[in-house]
Amino acid sequence: MKKKVKIGLLPRVIIAILLGIFFGYFMPTPLARVFLTFNGIFSQFLGFMIPLIIIGLVTPAIADIGKGAGKLLLVTVIIAYVDTVVAGGLAYGTGLCLFPSMIASTGGAMPHIDKATELAPYFSINIPAMTDVMSGLVFSFMLGLGIAYGGLTATKNIFNEFKYVIEKVIAKAIIPLLPLYIFGVFLNMAHNGQAQQILLVFSQIIIVILVLHVFILVYQFCIAGAIIRRNPFRLLWNMMPAYLTALGTSSSAATIPVTLEQTMKNGVGKEIAGFVVPLCATIHLSGSAMKITACALTICLLVGLPHDPALFIYFILMLSIIMVAAPGVPGGAIMAALAPLASILGFNSEAQALMIALYIAMDSFGTACNVTGDGAIALVVNKMFGKKER
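As the structure is a prediction and not an experimental result, all values here were calculated from the model.

Asks: What am I meant to see in the overall build of the protein chain here?
Replies: Helices and strands together make up the secondary structure of the protein chain, namely 15 helices and zero strands. Per-residue burial for the protein chain yields a buried fraction of 52% across its 390 residues. As presented, the protein chain carries roughly 17400 Å² of accessible surface, and 68% of it is formed by carbon and sulfur atoms.

Asks: It is not clear to me how the nonpolar core should be interpreted in this structure. Could you clarify?
Replies: As a rule of thumb, soluble globular proteins bury nonpolar side chains together. Ranked by size, the top nonpolar core spans 116 residues in total, and within it Phe 186, Phe 315, Met 335, Leu 345 and Phe 347 carry the most contacts. In terms of residue count, helix H6 (residues 195-228) provides more of this core than any other element does, 14 residues in total. What Phe 186 contacts, discounting residues up to four positions off in sequence, is Ile 17, Gly 20, Ile 21, Ile 198, Leu 199, Phe 202, Leu 354 and Ala 357. Formed by seven residues, the second largest nonpolar core is a distinct cluster that contains Ala 16, Met 27, Leu 119 and Leu 187.

Asks: How do you make sense of the confidence of the model for the protein chain when you look at a structure like this?
Replies: When pLDDT is low, close inspection of the predicted coordinates is not appropriate. Model confidence for the protein chain is summarised by a mean pLDDT of 82, while 88% of its residues fall at 70 or above. Contacts of residues 113-117 to residues separated by more than four positions or lying in other chains number five contacts, the stretch itself having pLDDT below 50.

Asks: Hey, could you run me through helix H5 (residues 153-192) in this one?
Replies: One turn of the α-helix equals 3.6 residues, which is why residues spaced by three or four share an orientation. Considering bend angle alone, the principal kink of H5 is centred on Leu 178 and spans about 40°; proline Pro 179 follows within four residues of it. Following H5 by one or two positions, Gly 193 adopts a phi angle in the positive range, close to 80°.

Asks: Honestly, the pattern of salt bridges in this entry has me stumped. Any pointers?
Replies: Pairing of side chains with opposite charge becomes possible as their charged atoms draw close. Counted according to the given criterion, the structure contains two salt bridges. In this structure, Lys 163 engages Glu 167 in a salt bridge whose closest nitrogen and oxygen atoms are separated by 3.9 Å. Linking Lys 163 with Glu 167, this pair stays in helix H5, spanning four residues, or about one helical turn. Among the ionic pairs, Lys 265 bridges to Glu 261, the shortest N-O distance being 3.8 Å. Highlighted residues: Lys 265 and Glu 261, both in helix H9 (residues 252-265), separated by four residues, approximately one helical turn. Residue classification places Lys 265 among the exposed residues on the basis of a relative accessible area of 54%. Under the relative-accessibility criterion, Glu 261 is labelled partly exposed at 42%.

Asks: I would appreciate a short explanation of the packing of helix H3 (residues 71-105) against helix H15 (residues 363-385) in the present structure.
Replies: A pair of packed helices is captured by two measures, namely the crossing angle of their axes and the spacing between those axes. Look at H3 against H15: their axes get within 11 Å of each other, and the N-to-C directions meet at 145°. Taken as a pair, H3 and H15 cross one another with a handedness that is right-handed. Side by side, H3 and H15 meet where Lys 71, Leu 72, Val 75, Thr 76, Ile 79 and Ala 80 of the first sit next to Ile 377, Val 380, Val 381, Met 384 and Phe 385 of the second. Looking at the contact of H3 with H15 residue by residue, the classes come out as nine nonpolar, one polar and one charged.

Asks: Where do I start with the packing of aromatic side chains in this structure?
Replies: Two measures describe an aromatic ring pair: the distance that separates the ring centres and the angle between the ring planes. Counted by the stated rule, this structure contains twelve aromatic pairs. With a centroid separation of 5.7 Å and 25° between ring planes, the pair formed by Phe 38 and Phe 42 is classed as stacked. Linking Phe 38 with Phe 42, this pair stays in helix H2 (residues 29-65), spanning four residues, or about one helical turn. For Phe 42, a relative accessible area of 3% gives the class buried. Ring geometry for Tyr 92 and Phe 312: centres 4.8 Å apart, planes at 20°, overall stacked. Of this pair, Tyr 92 sits in helix H3 while Phe 312 sits in helix H12 (residues 309-322); the two residues are 220 residues apart in sequence, bridging distant segments of the chain. Take Tyr 92 and Phe 312: they sit in the same class, and that class is buried. Linked through ring pairs, Phe 22, Phe 23, Phe 26, Phe 35 and Phe 183 together constitute an aromatic cluster. Above the plane of the ring of Tyr 122 lies Arg 33, whose end atom (NZ or CZ) is 4.2 Å from the centre.

Asks: Even after reading the chapter, I still don't get a nonpolar patch on the surface, so can you show me in this structure?
Replies: Taken together, Leu 31, Val 34, Tyr 122, Phe 123 and Ile 125 make up a surface patch of nonpolar side chains, about 460 Å² in accessible area. As for its placement among the helices and strands, Val 34 is situated in helix H2. A relative accessible area of 43% places Val 34 in the partly exposed class.

Asks: Is there a simple way to explain unusual backbone geometry in this structure?
Replies: A negative phi angle characterises most non-glycine residues, just as the trans form characterises most peptide bonds. Although it is not a glycine, Arg 229 adopts a positive phi angle of roughly 60°. Along the polypeptide, Arg 229 turns up in the loop between H6 and helix H7 (232-238).

Asks: Explain the packing of H6 against H15 to me, please; I cannot follow it from the model alone.
Replies: Two elements in contact, H6 and H15, have axes whose closest approach is 9 Å; the angle formed by their N-to-C orientations is 10°. With respect to their mutual orientation, H6 and H15 come out roughly parallel. The segment H6 lies against H15, with Leu 210, His 213, Ile 216, Leu 217, Gln 220, Phe 221, Ala 224, Ile 227 and Ile 228 engaging Phe 365, Cys 369, Thr 372, Gly 373, Gly 375, Ala 376, Leu 379, Val 380 and Lys 383. For the contact of H6 with H15, a count of residues per class yields twelve nonpolar, five polar and one charged.

Asks: I'm lost on the environment of Pro 241 in this one. Help?
Replies: Structurally, the position occupied by Pro 241 is in helix H8 (residues 240-249). Pro 241 sits 17 residues away from Val 258 along the chain, and the two C-alpha atoms are 7.0 Å apart. When residues no more than four places from it in sequence are discounted, the contact partners of Pro 241 are Val 258 and Gln 262.

About the criteria used
Residues numbered from 1 in each chain as written. Predicted model: local features only at pLDDT ≥ 70, side-chain atom pairs only at ≥ 80, totals over all residues. Heavy atoms only, no water. Helix = DSSP H or I, 4+ residues; strand = E, 2+ residues; numbered from the N terminus. Buried < 20%, exposed > 50% of the residue type's maximum accessible area, 1.4 Å probe, protein only. Areas by Shrake-Rupley, 256 points an atom, 1.4 Å probe, with all protein chains shown as cover. Core = buried A, V, L, I, M, F, W, Y, C linked by side-chain atoms within 4.5 Å. Contact = heavy atoms within 4.5 Å. pLDDT = per-residue confidence, 0-100. Bend = angle between axes of the 7 residues up to and from the residue. Salt bridge = Lys/Arg side-chain N within 4 Å of Asp/Glu carboxyl O. Axes fitted to C-alpha atoms, helices over the stretch in contact; angles between N-to-C directions. Left-handed = near helix turned anticlockwise from the far one by under 90°. Nonpolar A, V, L, I, M, F, W, Y, C, P; charged D, E, K, R; others polar. Phe/Tyr/Trp six-rings, centres within 6.5 Å; stacked < 30°, edge-to-face > 60°. Lys NZ or Arg CZ within 6 Å of the ring centre and 35° of its normal. Patch = residues over 30% accessible without salt bridge, like charges linked within 9 Å, V, L, I, M, F, W, Y side chains within 5 Å. Parallel < 35°, antiparallel > 145°, perpendicular 65-115°, else oblique.

This is the structure:
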């Protein structure tokens, strides 16, 4: 039997973007409206799922990490969270300096769409969410901590099963349909004359993000190297197998064995590495936070949404919490990020689709940045809590 060739999510998204732009210029309006009708329904379904994704993924994650090795857990969580927030802040600061001029060079904000020629779906279906995002997040933390400190095994099992359902919905329904959704978005943009500018902006932003992710790794290991008084570039070089594995798998969880091995080669004790690396695979998402913040700022500038520092600081702080369970799910980081994007930054369904497309285009680089940085955190924690080894 011939083996079926599987096309990954990134190639499917790229194909969807190119086909959407291609067909957007000459597809008959009645047929184009079919895809917009699907997009309208799918975006409603996404809106319905976002709070459930938060509850289904964050509750078990908090339950798992809420009770652990005392100071060791607390210090690791604080370092990971602060580094994730700093990476997001770095992306925002860099974006404020560079992105306005980049967008201006491509024609400024997206052109106004004439209502008379704008495509519209044939019909729409309203699927209201069962709760809002903030209520879902507070509920997840309250329940997750209650499960952890109360030892509520039965309740934990219920939410682990709910997590399984949510993961299956993401893997079997949302992720497979994303390329069709993105196709419809770019089909509409090509019809409205916006696609060319979006692609020009995307190509420039991606270069900035790739440079930023290298800079983040350098500063993480420079700080770790200064603390433990070792050459940071040698430490970073030793983590390259983990970086390359994450680049190939796009999964923090799948890279854990390699990250563990390379972290111990850097001199981190087995017990510390065995605690810090799996934990940081869940809570340390500096690369993802950087990418999402940069992409979000780009779209805010393009569509004219507010992007003041206070708003983005709040967004980054919430994003760094909400993404705690993202690495275990394909496309999990951007799925979880849809919640603060909508509730804090005011992203509509079209802006969310642009975020998904731009994020997926660089997915593996963010993951590689996340897991490689875990090695730097392990070095610092080992210096504080590990046994002195020669």
